[in-house]
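These are the residues of each chain, in order.
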Amino acid sequence: MPSTPRRVEGIAPAFAERFIQADGFRMRYLEAGQGNPVVVLHAAHGLTPSTLNTLLAQQFRVIAFEIPGFGRSPVNERSQSMRDLAHTLAEAVTALGLDRYGLVSTAISARIALWQAIDLQERVDPLVLISPSALLPDGWTAPSGTAEQLAKLLYAHPEKMPSPQPEDPETSAKHRALMSRIRGSNCDPELERRLADIKAATLVLFGTRDGVLPPAMGRIYVERIPNCYYALVYDAGHVIEAERPEALFAAVRDFLEHRETFIVGRKNTVINP
Amino acid sequence: MKTSYFQVGSYSAPREIRPEWPLPPAYYDPECGRRSLHQAIEQCELADQLGFDWVSFSEHHYHPTVAPNPALAAAAVATRVQKAKIAMLGHNLTLNNPIKVAEDLAMLDTLSDGRLVVGFLRGTPNEFQVFTVNPAESRDLTLESMELILKAWTEPMPFSWEGRHYQYRTVAVWPRPVQQPYPRCYVLGGSKDTADFAARHHLGLGVAFQPFAVLSQTVNYYREKCAEAGWQPTPDDILYRAAVCVAKSAAEAQHEAARWLHLPRTFTMRGGINEAVERLDPAGLNIAKLARAEFSFARFVGTPDLIVQQVTECREKTGAGVIDLSFQGPGMAHDQTMRMMELFGQEVLPRIRDI
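Residues numbered from 1 in each chain as written. Chains lettered and ligands numbered in written order. Predicted model: local features only at pLDDT ≥ 70, side-chain atom pairs only at ≥ 80, totals over all residues. Heavy atoms only, no water.

### Observations regarding the pattern of salt bridges
Residue and element names in this part refer to chain A. The criterion, for reference: Only one rule defines a salt bridge in this text: a Lys or Arg side-chain nitrogen within 4 Å of an Asp or Glu carboxyl oxygen. Every helix listed is a DSSP run of H or I at least four residues long, and every strand listed is a run of E at least two residues long, numbered separately from the N terminus. Remark: exposure states derive from per-residue accessible area (1.4 Å probe, protein chains only) relative to the maximum for the residue type, with buried under 20%, exposed over 50%, and partly exposed in between.
Applying the stated criterion across every chain, the model contains 34 salt bridges over all chains. As a salt-bridge pair, Asp125 and Arg100 come within 3.5 Å of each other at their nearest N and O atoms. Pair noted here: Asp125 is in strand 7 (residues 124-130) and Arg100 is in the loop between helix 2 (82-95) and strand 6 (101-106), with a separation of 25 residues, a long-range link. Under the relative-accessibility criterion, Asp125 is labelled buried at 15%. A single network of salt bridges, built from pairs that share partners, joins Glu17, Arg28, Glu66 and Arg72.

In structure tokens, the structure reads:
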């Protein structure tokens, strides 16, 4: 059973910090909102305050997990692959009693989300992949460099972004060790073969000015996942949430609510009835 | 130097028209409009016969032209003109649905067997009011529209677009341009953001009516940005639009050039409206001020010898490799326009081709 919630300083007030035992890990997660459950998996920077999660919590029950080995969690030396982590998260979701849920992942957590959608076909629906790094171009390397160089890769308008906070060296080392073990190669043939088995309606979003991954990668997901849609967020880089949070929210919310019928126009255009 | 015949869609008015915008439809004579449009097509055919490289079109509304939908005129001309490229310079992007523009232009490229040239235009402040567009948003609208059009032409899979000003959940354009990935495109305008966009997307830059010295500054900025983006524009990437008045004598040419002094007034709105637009977009084109300053659109004026010198100067000072020339000054009759085109075609065109 989940532990008693408590408020967390510095995070949107509605979110409560909770812990749950799953697959041998004591997993931290943040929860807020009511409605259909939406499980959120974070990007490489870990579980941090999120505009998207805050906005989604106005309409959905949002459960944002911290991947074991990230952030405040202990060093994770057990998980050997993204699929292992997908299994761990599936156990956590089961422990929370979630039968069916929407799943939203950002960047590096895409392979975890895809394996969940493959392994829990009847439970994950829909699936949203934001700037996913599950399918990678030949020769692709993870972004690296100085803070300034990274900002140019991550943002369409780095000049508008606040200066990055220096990361705790111990946490960074923990993330690097875990990621270098579980990331795997650029191509995961088994995952790519199994994409055709995904039943969930899937939305893939890229910023039009993504400097980490070519936005055109989006079309490969559309080709391989049976019910997949590809959205471009104009004038956003890799970190779409930082540069176009409202646009990202609108697309993700509409897809979580309407799945493939999110393409149907519902805007009322009456000016003065 | 490549030369384009700019068919502005002039309306040959049977009587003097009050120079203001919008022009009341009561002034419009349907027979005159019909004749003007057919004469415009004749002028394009003559341009093709004389050896002009392109014939070009642009969009105007509520104004003494027959040009609210230039793609229709371009389609008619594309089937009658055999050699010249069809240059849409262009759709007014603040007023048009970008997906529709992408579709129209792809259709024109298909109809013209891959002879289309494209210009992306923000438009003039008065025309923003045709669809009640906020002048303060016009730049951002244009930038987003251009990006969406390029994406619509090149993306092979259906996609949704989550823009600032446009949201389309299904984009899958048919037909696609004959010229792959898309026709030669110019961003039209002299501002930094348009030059930045052109440089970033490896597109040409088109500037209208500015003095050569100002054009030269704009082109230098564009070249710097292109170098930052890792490429170098050629003369064909730099387009200059101006009016031409060529005649056997310099005095006659100067007399014709005077017609162009009145053109800004035909775009001028009433005082309070001009001021309201300027407050919303202070960096925008101020047509009322141009009208008061008697700004001239005619940059190439004189005898054929003089025009050759001026075109040479334009090339040397600005690096422009394409000039888009308007011949029909306000109120000029069709016959006179055709005579001026013939003089240019016979005595200027052969001498500027190798500049």
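### With respect to the packing of aromatic side chains
Defined as follows: Any two of the Phe, Tyr and Trp rings considered here, Trp counted by its six-membered ring, make a pair once their centres fall within 6.5 Å; the pair's planes then place it as stacked at under 30 degrees, edge-to-face at over 60, or tilted in between. Here, a charge over a ring means that NZ of Lys or CZ of Arg falls within 6 Å of the ring centre while also lying within 35 degrees of the ring normal.
Applying the stated criterion to the full structure yields 21 aromatic pairs over all chains. Here the basic side chain of Arg26 of chain A rests over the ring of Phe19 of chain A, its NZ or CZ set 3.9 Å away from the ring centre. The ring of Phe6 of chain B carries the charged tip of Arg241 of chain B above its face, separated from the ring centre by 3.7 Å.

### So, the interface of chain B and chain A
Put simply, the test is: Any pair of residues with heavy atoms lying within 4.5 Å of one another is described as a contacting pair. Accessible-area loss on putting two parts together, using a 1.4 Å probe and summing over both, is the definition of buried area adopted here. We define a polar contact as two N or O atoms separated by no more than 3.5 Å, with the added condition that, inside protein, one atom must be a possible hydrogen donor and the other a possible acceptor, whereas residues neighbouring each other in sequence contribute only through side-chain atom pairs.
Opposite the 18 residues of chain B that make contact, chain A presents 19 residues. Between chain B and chain A lies a buried interface of about 1,700 Å² when both sides are counted; carbon and sulfur atoms form 53% of it. If you sort the residues of chain B by the area they bury against chain A, Glu162, Arg164 and Arg169 of chain B come out on top, with a joint share of 38%. Here chain B is connected to chain A by three salt bridges. A salt bridge links Arg169 of chain B to Asp254 of chain A; the shortest N-O distance between them is 2.9 Å. In this structure, the connection of chain B to chain A is made through twelve residue pairs in polar contact (both at pLDDT 80 or more).

### Points about the confidence of the model for chain B
Selection rule: Across the chain, each position has a pLDDT score giving the predictor's confidence in that residue, from 0 to 100.
Per-residue confidence for chain B averages 93 on the pLDDT scale, and 99% of its residues sit at or above 70. Both confidence scores are given for the complex: pTM 0.93, ipTM 0.91.

### A closer look at the pairing of strand 5 (residues 159-162) of chain B
Residue and element names in this part refer to chain B. To keep it simple, the criterion reads: Pairing between strands is defined by DSSP: at least two bridges between the two strands are required.
Of the two faces of strand 5, the one lined by Phe159 and Trp161 and the one lined by Ser160 and Glu162 are each fully buried. Looking at chain direction, strand 5 and strand 6 (residues 167-171) are connected through three bridges and run antiparallel. Bridge assignment links Trp161 to a residue of strand 6, and that residue is Tyr168.

### Here's the deal with the pairing of strand 7 (residues 185-188) of chain B
Residue and element names in this part refer to chain B. To keep things clear, this is the line we draw: Here the term right-handed applies to a crossover when the path leading from its first strand over the helix to its second strand runs clockwise, the strands being oriented away from the viewer.
Burial of the side chains of strand 7 extends over both faces: Cys185 and Val187 are buried on one face and Tyr186 and Leu188 on the other. Bridging between strand 4 (residues 116-121) and strand 7 involves three bridges; their strand directions are parallel. By the bridge assignment, Val118 is partnered in strand 7 with Cys185. Bridging between strand 7 and strand 8 (residues 204-208) involves three bridges; their strand directions are parallel. Along strand 8, the bridge assignment pairs Tyr186 with Gly204. A crossover links strand 7 with its parallel partner strand 8, the connecting element being helix 6 (residues 192-200), and its sense is right-handed.

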